[in-house]
Structure formats: C-alpha cells, structure tokens
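Structure at a glance
The lines below spell out each chain.
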Amino acid sequence: WFQRADKNKDGRMNFKEVQRLLKMMNVDMNEHHALRLFKDADKSESGTLEGEEFVLFYKALTQREEVLSLFQEFSEDGKKLTLLELVDFLQQEQLESEGTEELAMELIDKYEPSETARARHVLSVDGFLMYLCSPEGSIFNPQHRALWQDMNQPLCHYFISSSHNTYLIEDQIRGQSSIEGYIRALKRGCRCLEVDCWDGPNGEPMVYHGHTFTSKIPFREVVSTLGKYAFKTSDYPVILSLENHCSMEQQEVLAQQLKDILGEQLLTTTTHRRVPTQLPSPEDLKHKILLKGKKIGRLEDMLEGPGDEAPDVSDDENGAEAEERRKAKVGGIQHSCALQKDKETLAQALSDCVVYCKNVSFRGFREARSHSRPSEISSLSEAKARKLIRDSGNEFVRHNTWQLTRIYPSGMRTDSSNYSPQEMWNVGCQIVALNFQTAGTDMDLCDGLFSQNGRCGYVLKPPFMRDKETLFNPSDPSSREGPGPITLTIQVISGQQLPKVASSKAGAIIDPLVRVEIHGVPADQAHQETKYIENNGFNPRWDETLQFQLHVPELALVRFVVEDYDKTSRNDFVGQFTLAFANIKPGYRHIHLLSKDGTSMPPSSLFVHI
C-alpha cells in the first residue's frame, strides 16, 4: 500500500499523504489521534514517514489488544480462524443460530483483506477486526434496520415519529420560522408535522407561532415542501396537524391550496368509502397525506349526507370557550346551536379535508368509549397526560388500542426544550410531539426508537398494548402477560478514537467514562457508569460489567453515553448511541457513536460484550 501511494517514489510520506493513503485503505481515523501517532512514529523527526516507520504507525493506529486476545481464544494457531473456528465463535459468542456456516463464508468473502486467505476460506486477525467493526458486528441487529414489522395493523397500533411546531428551528418566542424545519423533520423520518395558520396579507394564509415574534412563512410554501419531501424517506402516511386560526375566507384558501398543491396525495375520503370500525393501516395509506383538524359533524355524514353533532375545540382551546361548551350539555337545542356555531367558524371545504383525524377535546376515557369513534383524536398537554398516567394508567393503555392520542410540550417550554417521550410511549400514546430542533436525551430516545423498521417513522407496539382488554399498566410491571424479568449484562470493554470535546483547550485529552441508561417503565428506569480513564481518548480500556433487570423489555430503550469526566464541573458530552432493547444483538459488538445532534462520527466507537 505504501509503495502504491508513494507517488514521487522517494520512499517517504508527509502527514497529508498518509491521511490520503489511510482513506484508500478504508481506515477511518480521527485527525487529532492520527497526528499524535504520526509524530510518535516519525523517529527521525523529518516530518515524514519512511516505509518501516509507516508500518509502525499503521500498527499503532489499528492494533487492538482486546480483539487480538479474543481472536486467539478461538484460533488454534493464533494466526487465522478456519471456517469451523469462525462458526464456533459465531454460535458460542455471537449467539447466531441459523445458517451460521453460510454467514461465516459471507463474512470471510466480505471482510478478509488477503486474497489468499479468502481463497482458503480463513479469516486473519485483520479480517476479524473488519467484521467486528462492520454492520454485521454492530450492536444493532442489521435485520431490524430494514422494514421488518407488520404494517397492516390499524394506525393506532404504532408509535409514530412526531414533531411539535415543525416550522420553528430555534425557540418559541423569537425564533426563525423556516421551510427548513419541515425538510429536516421529514428527512429524519418524522410522520406527523405541525402547522399553525393565521390570516396573512393579500388573502394569503401565513404560518408562524401566534402572538410571538417568530418570523412568518406562507402556507402554500409549507404545503409544496410537504408535497416534495413527504415520501423521500418513507412511503408511509404523513399526518399534517393543522392549528387553524384563520378567518372563513382564508380557510377557503387553505383548503384550495391543500387540494391544488397536493392533488392525489391528500386523503379526502375513507379508504373503502365506508364508515370505519377501526383505523386503516399504514399499508392502506401509503403515499397519503392526512389532515388532522376540526370537522363539522361526523365522518358518517360525509358518506351518508348531513347529520348533526356537538362541535369540538382545537388542541390549545382557551378556558372560557371550553367551559362554555362543557355547559352546553348535549341536549337538543344546544346540540344544533353548537353545530351551527361550528358551521359559522369552520369552512366546509376545510372540514371536508379532515377524514381520519378529527380533533375532539378530551372529556375522559368513559366518554370516549361511549361514542367509540376511531377516527377522532384528542391532544393532551404533557402535564395532563402525566396526570392520566398516574391516575388511570390501564385505561389510558386501553384507550390507545383503538384511538389515536397526541401529546404536545407544555406552553411554558418557550426555549423549545423537550419532555421525556418514554412515559407517554409506556401507555401507548402514538403521536408524542417533540421539538426536533432541540438536541438532547429526549430526541436521542426518539431517534433511537425510530432508527429501526427502515426508518419509516412507524414502530409496531408490543402485543399487550394492542389488545382492547389488556390489563397492562406501566406502573405495575406484573400486569404484562409474558415471561418474568430479563437480565441484561453489558461488559464495557474499550473505546476507539473518541473525539475531543469541542470546547476543550488545544492539546487537552479527555478522561472518558461510559454511562448506560435504561429508559422504560418506571420499574426499569436505571443507569450505571464505569470509572473514568485518565487522559486517553484513543483506546481507553474499562473492562467493567454493568447489569440491569428489565421487567418490560418490549418497551425498554438502552442509551450508551460517553462523557469527559470533570471533577469541578459537569462532565462534557462526547458521544451517544440509543436503541430499543428489541434491536440489540448479543455477543461481542461495536457501538458506533453519534454526536449531540444525532449525526455519525466515524471512527468513534465502543466495544462491548452483551
């Protein structure tokens, strides 16, 4: 390799050339670590490496003691793994059960760099390391990266990736409103977007956060962006949550723009033109955009001709209106008055665009059950949801087996901070809206849950959260039918080329520690951490074992966090990786770390045994 890259044949290479060579050899490296090793290998201090020095440098950069000793445990001669030795390793350590011989052949073909070894069906230590660092050697089950779940269940049986005030890319008071917010959310697999509409100049409705100083964007721009990007990342339906503050005239414009710009993509009638007894499935609604908003009358009236029914309020209803409507007990006169009032405040054309997601205000689980309309949806603030979880956890789980629920952040979160989506998922809430623009643990959990199933934005809930008669209550794990608790044992072995902390002084080296967090039902919430290793971000070794009991593994997410220990102030964040327990592969695995905003940072990783 060195000779191939030594363009001018002078037998030496400077750091830039060495970097290019490593790229050619497909060796990822962190510049800061590589430069330090380059200087160590440059014994002659010439600023260049000669052939022999390069070999030293390459070994220092790629050698992994812990991988070598694992390799030697299974290799009889310590130099290679035969096909059968590799099969033993895959079965005994990686707990691969089906087709291990085919898998072993595949891995050798794919990852063994030496042609002679490939021809002999053996794996060298270099090939073994390449396999361990590959997607097949990752902690994330590669079969679950693709679409692997049943997509034919009713919409309410899935967790749905959802964003709050999607148009904001900063805070909620003075922040920028931007089309970029929608593009970013859709590219991340988000399937429920929010739009706040207000009357704008020249009859053009505008999108912004009302009564604040956030900037404004025309509604038509949001809709055309949606039409363009809705199905780039996922084929499954997008729900557009409409917060409508427009006059009757501009509501007509909203409806017209939705129909003109989205055309066939906008769902305007039920899937079989029948009154639904349950919600359609993501599969039924592929490439469709559903409007969520207020609606005049009932869904059946659309299909059978007009009927009448009490109207409903918007998500963020104000107290006085709500009170007034509560007093209007559903008796004959009030009933038709209320319907009349809805007709006076809501344009029929816009109402007709709402099919499966009719906003209704939440008046208790019993009330919802008595109407039993799967096409209605209530929105609850995080505080209201927490109270319901506390007081009637099981009823909440049952409610979410047949109807959609949307949760939104408290109005006090003007800084666009988030709440933990986990407690809402624990009761089966499907549309848990988060501020996608705000990085942190809550968005890591969201990205972690939705990084599976082809990143399509829909994840099937476990069976005990899809059964209308379920006894499950997240505060009592024994209410879940199924085997008892599972023990998760994680040996944190080593770290590789961890990045420097952005704010650190030049030349500072991190003191890394690893924290493993379990996010799940209250009984499973836990975290443990390793000790910190002084001054080593290149190849820290912890060799520590952490253990957790999981009572409801189906709902658990596992978050690995690396921090730079600081005894005087808060530790600095270095990297993290979050995934659902259901997607973890056992055995010796690499965890490829992500940055604060969820982007990858090769070659930074952790090496663990599960």
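Source: prediction; values computed, not measured.

Some details on the environment of Tyr408
When you line up the elements, Tyr408 lands in strand S13 (residues 404-408). Among the residues examined, Tyr408 registers a relative accessible area of 15% and is labelled buried.

Details of the packing of aromatic side chains
Throughout the structure, instances matching the rule amount to 18 aromatic pairs. Between the aromatic rings of Phe464 and Phe472, the centroid separation amounts to 4.7 Å while the plane-to-plane angle is 55°, which identifies the pairing as tilted. Just as Phe464 is buried, Phe472 falls in that class too. The structure contains a cluster of three or more aromatic residues connected by ring pairs, namely Phe71, Phe74, Phe89, Phe128, Tyr588 and Phe607. Stacked on the ring of Tyr208, the Lys or Arg Lys216 has its end atom at 4.4 Å from the ring centre.

Side note on the pairing of strand S23 (residues 600-609)
Where burial is concerned, most of S23 is hidden: 7 out of the 10 residues are buried. Inspection of the sheet shows strand S22 (residues 588-594) paired to S23 by 6 bridges, in the antiparallel sense. Directly across from Leu594, in S23, lies its bridge partner Ser600. Hairpin connection from S22 to S23: 5 residues lie between these consecutive antiparallel strands, with Gly598 at a positive phi of about 85°.

Quick look at the UniProt feature "binding site: Ca(2+) 4" (unreviewed entry) in the chain
In the UniProt entry, the feature "binding site: Ca(2+) 4" (unreviewed entry) is given for Ile509, Asp511 and Asn535. Annotated residues spanning 27 residues; largest pairwise C-alpha distance 6.8 Å, indicating a single compact cluster. For Ile509, the contacting residues outside a window of four places in its chain are Asn535, Asn536 and Gly537. Mapped onto the elements of the fold, Asn535 is located in the loop between strand S18 (526-529) and strand S19 (541-550). With sequence-adjacent residues up to four places away left out, Asn535 is seen in contact with Ile509, Ile510 and Asp511.

Quick look at the domain arrangement of the chain
Split by domain assignment, the chain resolves into domain 1 (1-62), domain 2 (65-137), domain 3 (155-299 + 347-465) and domain 4 (486-609). When each unit is reduced to the centre of its C-alpha atoms, the spacing between domain 3 and domain 4 is 33 Å. Taken residue by residue, the interface counts 16 residues in domain 3 and 18 residues in domain 4. Taking both sides of the interface into account, the surface hidden between domain 3 and domain 4 amounts to around 1,300 Å²; carbon and sulfur atoms contribute 60%. Ranking the residues of domain 3 by area buried against domain 4 places Gln422, Asn426 and Asp444 at the top, with a combined share of 36%. Here domain 3 is connected to domain 4 by 1 salt bridge. Put simply, Asp444 and Arg559 hold a salt bridge, and the shortest N to O gap is 2.9 Å. Residue assignment for the side of domain 3 that touches domain 4 shows that the elements contributing at least two residues are helix H20 (422-425) and helix H21 (441-450).

Examining the UniProt feature "glycosylation site" (unreviewed entry) in the chain
Within the UniProt annotation, "glycosylation site" (unreviewed entry) is assigned to Ser44. Judged by relative accessible area, which is 44%, Ser44 ranks as partly exposed.

Thoughts on a nonpolar patch on the surface
Side chains of Val275, Met302 and Leu303 sit close together on the surface and give an oily, nonpolar patch of about 190 Å² of accessible area. Inspection of the secondary structure puts Leu303 in helix H14 (residues 299-304). Exposure remark for Leu303: the relative accessible area of 30% places this residue in the partly exposed category.

Observations regarding the pattern of salt bridges
In this structure the tally under the stated criterion is 25 salt bridges. The network of salt bridges with shared partners includes Asp444, Arg515, Glu517, Glu529, Arg559 and Glu563.

With respect to helix H2 (residues 15-24)
For the α-helix, the turn length of 3.6 residues means that residues three or four positions removed from each other point alike. Within the span of H2, buried status applies to Phe15, Val18, Gln19, Leu21 and Leu22. Down the axis of H2, the buried side of the element spans an arc of 160°, and every buried residue falls inside it. Exposed residues lying more than 90 degrees from the buried face of H2 are Lys16, Arg20 and Lys23. On its buried face, H2 is in contact with helix H1 (2-5), strand S1 (12-14), helix H3 (31-41), strand S2 (48-50) and helix H4 (51-62). Where H2 begins, the side chain of Asn14 points an oxygen toward the backbone nitrogen of Lys16, at a separation of 3.2 Å.

A word on the pairing of strand S17 (residues 512-519)
Most of S17 is tucked away: 8 of the 8 residues are buried. Bridge count between S17 and strand S20 (residues 557-564): 8 bridges; the pairing is antiparallel. Looking at the pairing, Arg515 lines up with Val561 of S20. Two strands pair when backbone bridges link them, and S17 and S18 are joined in this way by 4 bridges, in the antiparallel orientation. Within the sheet, the bridge partner assigned to Glu517 lies in S18 and is His527. From the end of S17 to the start of S18, which pair antiparallel, there are 6 residues.

How each quantity is defined
Residues numbered from 1 in each chain as written. Predicted model: local features only at pLDDT ≥ 70, side-chain atom pairs only at ≥ 80, totals over all residues. Heavy atoms only, no water. Helix = DSSP H or I, 4+ residues; strand = E, 2+ residues; numbered from the N terminus. Buried < 20%, exposed > 50% of the residue type's maximum accessible area, 1.4 Å probe, protein only. Phe/Tyr/Trp six-rings, centres within 6.5 Å; stacked < 30°, edge-to-face > 60°. Lys NZ or Arg CZ within 6 Å of the ring centre and 35° of its normal. Pairing = 2+ DSSP bridges. UniProt positions renumbered as here; feature names shortened; annotations may be inferred. Contact = heavy atoms within 4.5 Å. Domains from an automatic or database assignment. Buried area = accessible area lost by both parts, 1.4 Å probe. Salt bridge = Lys/Arg side-chain N within 4 Å of Asp/Glu carboxyl O. Patch = residues over 30% accessible without salt bridge, like charges linked within 9 Å, V, L, I, M, F, W, Y side chains within 5 Å. Areas by Shrake-Rupley, 256 points an atom, 1.4 Å probe, with all protein chains shown as cover. Arc of directions from axis to C-beta. Polar contact = N/O pair within 3.5 Å; in protein donor to acceptor, adjacent residues only side chain to side chain.

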